[in-house]
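Each chain, written out:
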Amino acid sequence: MTPRQRHIAHLHLHASPTEDQYDDLIELMCGITPHVQAVPPNALQLDLTSALRYFDLSPYDVVQLAKIRLKALYDIDSSAGLAGNRMLAAMAADASAPGDTTWVPIGQAADWLYPRPVIALPGIGRATAETLSRYGLHTIGQIADLPAGTLQRLLGAGPARLLAERARGHDPRPVTPSEPAEHMDADLVLDRDCLDPGGHHRAVLGLADRIGQRLRGESQVAGRLALTVRYADHSSTTRTRTLPEPTDHSPAIAATALGLLAALGLQRARVRSYALRANDLLSAGSAYRQLSLEPGDDRARAAEAAADRARRRFGLKAVRPAALAN
């Protein structure tokens, strides 16, 4: 096996794991290889290259080992794809029947790709597929064999270059363990419409508190918030705002979230659901924090840390903001 050859497995889980379950599944797969990446909402990718010598098994057999562990310990069935890079492995998993494994051996990627439809390539939408179809280009092989200049005239330079690389089975992306999330969400769907401004306030305050807890639990900070309110007629409104500084401090998040709520001017609107999204996430250790001369700030953060410890020990409802108490 040459250093350039990688063996990537894509496991499609026939289940919908929660965030906590996802963490458990990643830990389980780390018993096979340390190179494990979650692919929400229901997939995992494993770089098996360094694990083959340890287990003294073929790549296919190591994938079966991973599937057996998922079934035996979590009762999760899975389909799998095995190939030389992440894109091909995901496509192979998509082509697998439930419970099966499709292996695209290194060196045979072109033969496997060429007869497949263009729409099977990741990132190819209906509009691009229809454009290519008008010129008689229906399969991946036809794209791979097309002169670069012709493809550029059809799609433009950037999209053509990317499509040509994918059609030839190229994907340089590594499997990245614990890849940080791009955003973090909390939502609340009501059983019936809410017209009460106080109800709107409590709902958004609760979402901000949940976001703050999750950020601190994952050692991240957020730089921007987005609040989306959906109404009884299924329409929705979204407002976004940058935080004064990247933070995981619930009161700071709540202040910005409530500012977004005020900006919506709901008044007597019939609201069915709320969603708060934290964007521009950073590692807490790499973010700056403005110095404060207010002694109350340090006391508030110390109380917040104590509340987090209590929740971890006694449950999420052990400590709640006074405004959310029944």
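## Side note on the environment of Ala97
- The topology assignment puts Ala97 in the loop between helix 4 (86-94) and strand 5 (101-103).
- As a C-alpha pair, Ala97 and Ala80 span 17 residues in sequence and 9.0 Å in three-dimensional space.

## Description of helix 3 (residues 59-74)
- Taking 1.5 Å as the rise per residue, helix 3 with 16 residues should run 22 Å; its terminal C-alpha atoms sit 22 Å apart, in good agreement.
- Considered for burial, the residues of helix 3 that qualify are Pro59, Val62, Val63, Gln64, Ala66, Lys67 and Leu70.
- Considering only its buried residues, helix 3 is in contact with strand 1 (8-13), helix 1 (19-29), helix 2 (52-55), strand 4 (78-83) and strand 5.
- A positive phi of about 55 degrees marks Asp75, the residue just after helix 3.

## With respect to the pattern of salt bridges
- Under the counting rule described, the total for this entry stands at 7 salt bridges.
- For Asp185, the salt bridge identified is with Arg277, shortest N-O distance 2.6 Å. Taken together, the residues span a long stretch of sequence, with Asp185 in strand 6 (residues 184-194) and Arg277 in strand 9 (residues 271-279) at a distance of 92 residues.
- Asp185 gets classed as partly exposed once you look at its relative accessible area, which sits at 34%.
- A salt bridge links Asp196 to Arg202; the nearest nitrogen and oxygen atoms lie 3.7 Å apart.
- Residue class for Asp196 comes out partly exposed when judged on its relative accessible area of 37%.

## Things to note about the pairing of strand 1
- Taking burial as the measure, the 6 residues of strand 1 include 5 buried ones, the bulk of the element.
- Looking at chain direction, strand 1 and strand 3 (residues 43-47) are connected through 5 bridges and run antiparallel. When the bridges of strand 3 are listed, Ile8 appears paired with Asp47.
- Here strand 1 pairs with strand 4 via 6 bridges, running antiparallel. Paired with His12 across the two strands is Ser79, which belongs to strand 4.

## Some thoughts on the environment of Thr102
- Along the polypeptide, Thr102 turns up in strand 5.
- Other than its neighbours up to four places away in sequence, Thr102 contacts Ala80, Gly81, Leu82, Ala92, Ala95, Ser96 and Trp112.

## Observations concerning a negative patch on the surface
- A grouping of Asp20, Asp23, Asp24, Glu27 and Glu218 is seen on the molecular surface, where their side chains present a negatively charged patch.
- By secondary structure assignment, the location of Glu218 is in the loop between helix 10 (197-217) and strand 7 (220-231).
- Under the relative-accessibility criterion, Glu218 is labelled partly exposed at 40%.

## With respect to the packing of aromatic side chains
- Within the structure shown, the criterion is met by 2 aromatic pairs.
- Centroid distance Tyr54 to Phe55: 5.0 Å. Interplanar angle 85 degrees. Geometry classified as edge-to-face.
- Both rings, one in Tyr60 and one in Trp103, keep their centres 6.2 Å apart while their planes meet at 25 degrees; by these two values the pair is stacked. With Tyr60 in helix 3 and Trp103 in strand 5, the pair connects residues that are 43 residues apart, well separated along the chain.
- Stacked on the ring of Trp112, the Lys or Arg Arg116 has its end atom at 4.6 Å from the ring centre.

## Some words on helix 4
- Summarising burial for helix 4: 8 of the 9 residues are buried, a large majority.
- Those residues of helix 4 lying buried are Arg86, Met87, Leu88, Ala89, Ala90, Met91, Ala92 and Ala93.
- The N-capping residue of helix 4, defined by a side-chain oxygen 3.2 Å from the backbone nitrogen of Met87, is Asn85.

Parameters at a glance
- Residues numbered from 1 in each chain as written.
- Predicted model: local features only at pLDDT ≥ 70, side-chain atom pairs only at ≥ 80, totals over all residues.
- Heavy atoms only, no water.
- Helix = DSSP H or I, 4+ residues; strand = E, 2+ residues; numbered from the N terminus.
- Expected span 1.5 Å × (residues − 1).
- Buried < 20%, exposed > 50% of the residue type's maximum accessible area, 1.4 Å probe, protein only.
- Contact = heavy atoms within 4.5 Å.
- Salt bridge = Lys/Arg side-chain N within 4 Å of Asp/Glu carboxyl O.
- Pairing = 2+ DSSP bridges.
- Patch = residues over 30% accessible without salt bridge, like charges linked within 9 Å, V, L, I, M, F, W, Y side chains within 5 Å.
- Areas by Shrake-Rupley, 256 points an atom, 1.4 Å probe, with all protein chains shown as cover.
- Lys, Arg positive; Asp, Glu negative; His and termini not counted.
- Charge placed at Lys NZ, Arg CZ, Asp CG, Glu CD.
- Phe/Tyr/Trp six-rings, centres within 6.5 Å; stacked < 30°, edge-to-face > 60°.
- Lys NZ or Arg CZ within 6 Å of the ring centre and 35° of its normal.
- Polar contact = N/O pair within 3.5 Å; in protein donor to acceptor, adjacent residues only side chain to side chain.

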